[in-house]
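Commentary on secondary and tertiary structure
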Amino acid sequence: MKLRQDTTLQQKQQGKLIMTQKMQQSIQMLKFNASELQDYLSQIELDNPFVAVSFNGSSSGQPLPDFVTPPSKTSSLFDYLLDQVNLTMRKTVLRDWVVYFVQNLDQNGYLKLDTKKLVRDKKIDQTTLDDALTLLWRLDPPGVGARDLQECLLLQIESERGRDDLAYRVIAEHFELFTQSKWEQIAKKMAIDLKQMQALIDYLKTLSAAPGKAYDQSETACIAPDLIVKNVDGTLQAESTTLVKPRVIFRKSYYESLVGELDQSVADYLKEKKKQYQTLVAELAQRQSTIERVGAEILERQPEFFTVPEHPLKPMLLRDVAQKLQLHESTVSRAVNGKYLQTDFGVFELRSFFSQAVNTDQAGNETSVDEVYKKIQTYIGAEDKHKPLSDQKLAERLQGDGLKVSRRTVAKYREKLNIASSSKRKRF
């Protein structure tokens, strides 16, 4: 009886690990932009002889979208995290501490602060510290904000729904043996067989020791949109492009011609490759559904952007969309980061439609940061270059339009727009 119970437990543990690995693959799939997805599927096609991928058209007959060269800019871990903070957290002391911690991350995403010293020096109380760290650890990529490698790996395991407890125990209880690759000793201490241990090793290898490093690089020179906005009988709809809606075919006749092979290794190989195809199809469908749902929500919340010549944006937070679609905020963040939407008047990153609400006018109406940016650019564009507008004058003009913006805030926004100060803009 005891043997049967152990076997059942092991089966449950292995099943849970497999599910966790699938989640990891789905997360990676959602992170890919259109070009990266095409490269990934092309590699799958090379690795799996039973899979064929076609990007030449879709069920709607939609043509392949053109590649577009976006404005030159550099993507950094700091900008990526700060965007998430601004779009998910209200202005509080707690958020200020999260921003402070983000500012003190190294290029690999580790928090290089002595947090115990912060508490000892009474710069922050323990409760606020714990709450701020918890908020930091919820940001994407998983593992960011860790203070050491062990904590980094544990955070990544914890971030997944259906967390794998075996993997967590390896890192939490046997970290030193893990760093020394003493797998047999770990298996013995955890009372699991080597096959289970190998599955654990395969999963742990998918975790990153430097979760922030991938974000400190220049963006791809050319992009391809993931969604195209169409007007269908007076209703705006966002449809996936062919680059993210490829046709994936299973070469059934070729597969069946080999099924009769008696060699067990051949049988195992066939089973593995068919399972890979089934998983791929499911992951692609999930990725497409998530991005399309987010795109549809953007159209619903920002209709004026697509119909009014000035393309105004309303305040919209990642959290709002996540709650509406019943998704995790990090899932929405992955779905909009590096994904683009094509319209008749340009191509826009999905993330650009999200903006923090700032400044309330006398009637209680909210205005987005982007609208304030546009007004500042308009004022400066029309100013007398011999008497350029100071930050104080810009603040007064904004206030005249019903927007309560301080001089300091104007200066920050102006710098964000890469506009020089009035003294440097002045012409003599």
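Because the structure is a prediction, the values reported are computed rather than measured.

Right, let's get into the overall build of the protein chain. Helices and strands together make up the secondary structure of the protein chain, namely 20 helices and ten strands. For the protein chain, buried positions account for 42% of its 428 residues. Entry remark: accessible area of the protein chain is about 23600 Å², with carbon and sulfur atoms responsible for 49%.

The terminal C-alpha atoms of helix α2 (residues 34-47), which comprises 14 residues, lie 20 Å apart, in line with the 20 Å expected from a rise of 1.5 Å per residue. For α2, the N-terminal capping position is held by Asn 33, with its side-chain oxygen 2.8 Å away from the main-chain nitrogen of Glu 36.

This part covers the pairing of strand β7 (residues 340-343). Bridge count between strand β4 (residues 227-232) and β7: two bridges; the pairing is parallel. Paired with Ile 228 across the strands is Gln 342, a residue of β7.

The next thing to look at is the pattern of salt bridges. By the definition in use, this model includes 13 salt bridges. Between Arg 334 and Asp 140 there is a salt bridge whose closest N-O contact spans 3.0 Å. A residue pair is termed long-range when its members are at least 10 positions apart, and Arg 334 in helix α16 (residues 329-336) and Asp 140 in the loop between α6 (126-137) and α7 (149-158) qualify at 194 residues. The same class applies to Arg 334 and to Asp 140, which are both buried. Among the salt bridges present, the one from Glu 300 reaches Lys 324, with a minimum N-O distance of 3.7 Å. Here Lys 324 lies in helix α15 (residues 318-325) and Glu 300 lies in helix α13 (residues 264-301), a separation of 24 residues in the sequence. Salt bridges linked by common partners bring Glu 297, Glu 300, Arg 301 and Lys 324 together as one network.

What follows concerns unusual backbone geometry. The peptide bond linking Asp 140 to Pro 141 adopts the cis configuration, its omega dihedral lying at 10°. Tracing the sequence through the fold places Pro 141 in the loop between α6 and α7. One non-glycine residue, Ser 181, adopts positive backbone phi at about 55°. Looking at where Ser 181 falls in the secondary structure, it is placed in the loop between α9 (175-179) and α10 (183-190). You will see that Gln 326, though not glycine, has its phi angle at about 55°, which is positive. Among the structural elements, Gln 326 can be located in the loop between α15 and α16. What makes Gln 326 exposed here is its relative accessible area of 71%.

The next point concerns the confidence of the model for the protein chain. Keep in mind that low pLDDT regions are not for reading the predicted coordinates in detail. Per-residue pLDDT for the protein chain averages 78, and the proportion of residues at 70 or more is 82%. Below pLDDT 50 for its whole length, residues 57-74 participates in 44 contacts with residues either more than four positions away or in separate chains. For residues 217-221, every residue scores under 50 in pLDDT, and the model assigns this stretch eleven contacts once sequence neighbours within four places are set aside.

A separate point is the environment of Lys 339. Among the secondary structure elements, Lys 339 is positioned in the loop between α16 and β7. The sequence separation of Lys 339 and Arg 351 amounts to twelve residues, and the corresponding C-alpha distance is 7.8 Å. Here Lys 339 is in contact with Leu 30, Lys 31, Phe 32, Asn 33, Asp 226, Arg 287, Ile 291, Arg 334, Phe 348, Glu 349 and Leu 350, once residues within four sequence places are set aside. Within the local environment of Lys 339, its side chain forms a polar contact with the backbone oxygen of Asn 337, the two atoms lying 3.0 Å apart.

Taking strand neighbours across the sheet as the criterion, the four strands line up as β5-β4-β7-β8 in an open arrangement whose pairing is mixed. Of all the strands in the sheet, the pair left with one neighbour each is β5 (235-240) and β8 (346-349). With strand direction ignored, the average angle separating the axes of adjacent strands in the sheet is 30°. Relative to β5, β4 runs antiparallel, the two sharing six bridges. Its bridge partner lying in β5, Leu 227 is registered against Ser 240.

At a minimum axis distance of 10 Å, the contact between α13 and α16 shows a crossing angle of 90°. In this view, α13 runs roughly perpendicular relative to α16, as classed from their interaxial angle. Residues Thr 290, Ile 291 and Val 294 of α13 form the contact with α16, whose participating residues are Thr 331, Ala 335 and Val 336.

Using the criterion set out here, one finds 16 aromatic pairs in the structure. The interplanar angle of 40° and the centroid separation of 5.0 Å between the aromatic rings of Phe 32 and Tyr 40 together place this pair among those described as tilted. According to the relative accessible area criterion, Phe 32 is buried, its value standing at 13%. Relative accessible area serves as the criterion here: at 28%, Tyr 40 is assigned to the partly exposed category. An angle of 40° between the planes, with centres 5.1 Å apart, marks the rings of Phe 50 and Tyr 254 as tilted. Of this pair, Phe 50 sits in the loop between α2 and β1 (51-54) while Tyr 254 is found in helix α12 (residues 252-259), placing the two residues 204 residues apart along the sequence. Judged by relative accessible area, which is 1%, Phe 50 ranks as buried. Here Tyr 254 falls in the partly exposed class, since its relative accessible area comes to 39%.

So, how was this worked out
Residues numbered from 1 in each chain as written. Predicted model: local features only at pLDDT ≥ 70, side-chain atom pairs only at ≥ 80, totals over all residues. Heavy atoms only, no water. Helix = DSSP H or I, 4+ residues; strand = E, 2+ residues; numbered from the N terminus. Buried < 20%, exposed > 50% of the residue type's maximum accessible area, 1.4 Å probe, protein only. Areas by Shrake-Rupley, 256 points an atom, 1.4 Å probe, with all protein chains shown as cover. Expected span 1.5 Å × (residues − 1). Polar contact = N/O pair within 3.5 Å; in protein donor to acceptor, adjacent residues only side chain to side chain. Pairing = 2+ DSSP bridges. Salt bridge = Lys/Arg side-chain N within 4 Å of Asp/Glu carboxyl O. pLDDT = per-residue confidence, 0-100. Contact = heavy atoms within 4.5 Å. Axes fitted to C-alpha atoms, helices over the stretch in contact; angles between N-to-C directions. Parallel < 35°, antiparallel > 145°, perpendicular 65-115°, else oblique. Phe/Tyr/Trp six-rings, centres within 6.5 Å; stacked < 30°, edge-to-face > 60°.

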